[in-house]
Amino acid sequence: RFENETFSKSAIVRMLIPTTVKFVGSECFSGCPNLQTVEFLGENISLEKSCFMDSIKLRLVTFPNVKQIKIEEDAFEGVSENFSLFLPNTVTIQFK
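Below: a short report on this structure. Once a new chain begins, its residue numbering starts again from 1 and follows that chain's sequence as written. With pLDDT at 70 or above as the cut-off, local features in this predicted model cover only qualifying residues; side-chain atom pairs require 80 or more to be listed or tallied, and sums for whole chains, interfaces and linings still use all residues. Computation of side-chain values: all heavy atoms of the structure, hydrogens and water removed.

### Some words on a negative patch on the surface
Each patch is built from residues that are more than 30% exposed by relative accessible area and take part in no salt bridge. Like charges join if they lie within 9 Å; nonpolar side chains (Val, Leu, Ile, Met, Phe, Trp, Tyr) join within 5 Å. Surface exposure here means Shrake-Rupley accessible area, sampled with a 1.4 Å probe, where a residue is shielded only by the protein chains that are shown. Whenever a carboxyl oxygen of Asp or Glu lies within 4 Å of a side-chain nitrogen of Lys or Arg, that contact is scored as a salt bridge. Charge convention: Lys and Arg are scored as positive, Asp and Glu as negative, and His as well as the terminal groups of each chain are ignored. For the purpose of locating charges, the reference atoms are NZ of Lys, CZ of Arg, CG of Asp and CD of Glu. Side chains of Asp54, Glu73, Asp74 and Glu77 sit close together on the surface and give a patch of like negative charge. Checked against the element boundaries, Asp54 lands in the loop between strand 4 (44-47) and strand 5 (60-62). Residue Asp54 is classed as partly exposed on the basis of its relative accessible area of 42%. The secondary structure listing takes helices from DSSP runs of H or I that are at least 4 residues long and strands from runs of E that are at least 2 residues long, numbered from the N terminus. With a 1.4 Å probe rolled over the protein chains alone, any residue whose accessible area is under 20% of its type maximum counts as buried; one over 50% counts as exposed, and the rest are partly exposed.

Here you go:
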């Protein structure tokens, strides 16, 4: 579990998030100026409000093993204009 603003404004470039992390709090990765890629290895993920907001270089977030995901409002607001989100075809997505 990553709480609100855990990595906010940090210098992280890449993140590999283990299967044990199922929750990413509000603004957890917000304002990370160098963050480019994030991979979530878990099957059930909840991305809270604005969790990647204004991480302007973020271009790729992948969920190769996800079966169910909840994405709250503005989760990816202000990321790179070349941003891509990769999910398996069988995933259940809930937007809030």
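### Section: the sheet that holds strand 4
Strand order in the open sheet formed by 4 strands is 2-4-6-8, with parallel pairing between adjacent strands. For this open sheet the edge positions go to strand 2 (23-24) and strand 8 (92-95), each flanked by a neighbour on one side alone. Bridge count between strand 4 and strand 6 (residues 68-71): 4 bridges; the pairing is parallel. Residue pairing in the sheet places Ile45 in a bridge with Ile69 of strand 6. Pairing between strands requires that DSSP locate at least two bridges from one strand to the other.

### Brief notes about unusual backbone geometry
At Asp54, a residue that is not glycine, the phi angle is positive and equals roughly 60°. Even without glycine at this site, Asp74 takes up a positive phi of about 60°. When you line up the elements, Asp74 lands in the loop between strand 6 and strand 7 (84-86).

### Side note on the packing of aromatic side chains
When two rings of Phe, Tyr or Trp (its six-membered ring) have centres within 6.5 Å they constitute a pair, described as stacked for plane angles under 30 degrees, edge-to-face for angles over 60, and tilted for the intermediate range. Evaluated as defined, the whole model comprises 8 aromatic pairs. Between Phe2 and Phe29, the aromatic rings sit 6.2 Å apart at their centres with planes inclined by 75°, giving edge-to-face as the arrangement. On the criterion of sequence distance, the pair formed by Phe2 in the segment before strand 1 (14-17) and Phe29 in the loop between strand 2 and strand 3 (37-40) is long-range, its members being 27 residues apart. Judged by relative accessible area, which is 14%, Phe2 ranks as buried. Given a relative accessible area of 0%, Phe29 falls into the buried group. Through pairs of rings, three or more aromatic residues link up here, namely Phe2, Phe7, Phe29, Phe40, Phe52, Phe63, Phe76 and Phe83. Comment: the charge-over-ring label is applied if NZ (Lys) or CZ (Arg) is within 6 Å of the ring centre and within 35 degrees of the ring normal. In this arrangement the basic side chain of Arg1 is found over the ring face of Phe23, its NZ or CZ atom lying 3.9 Å from the centre.

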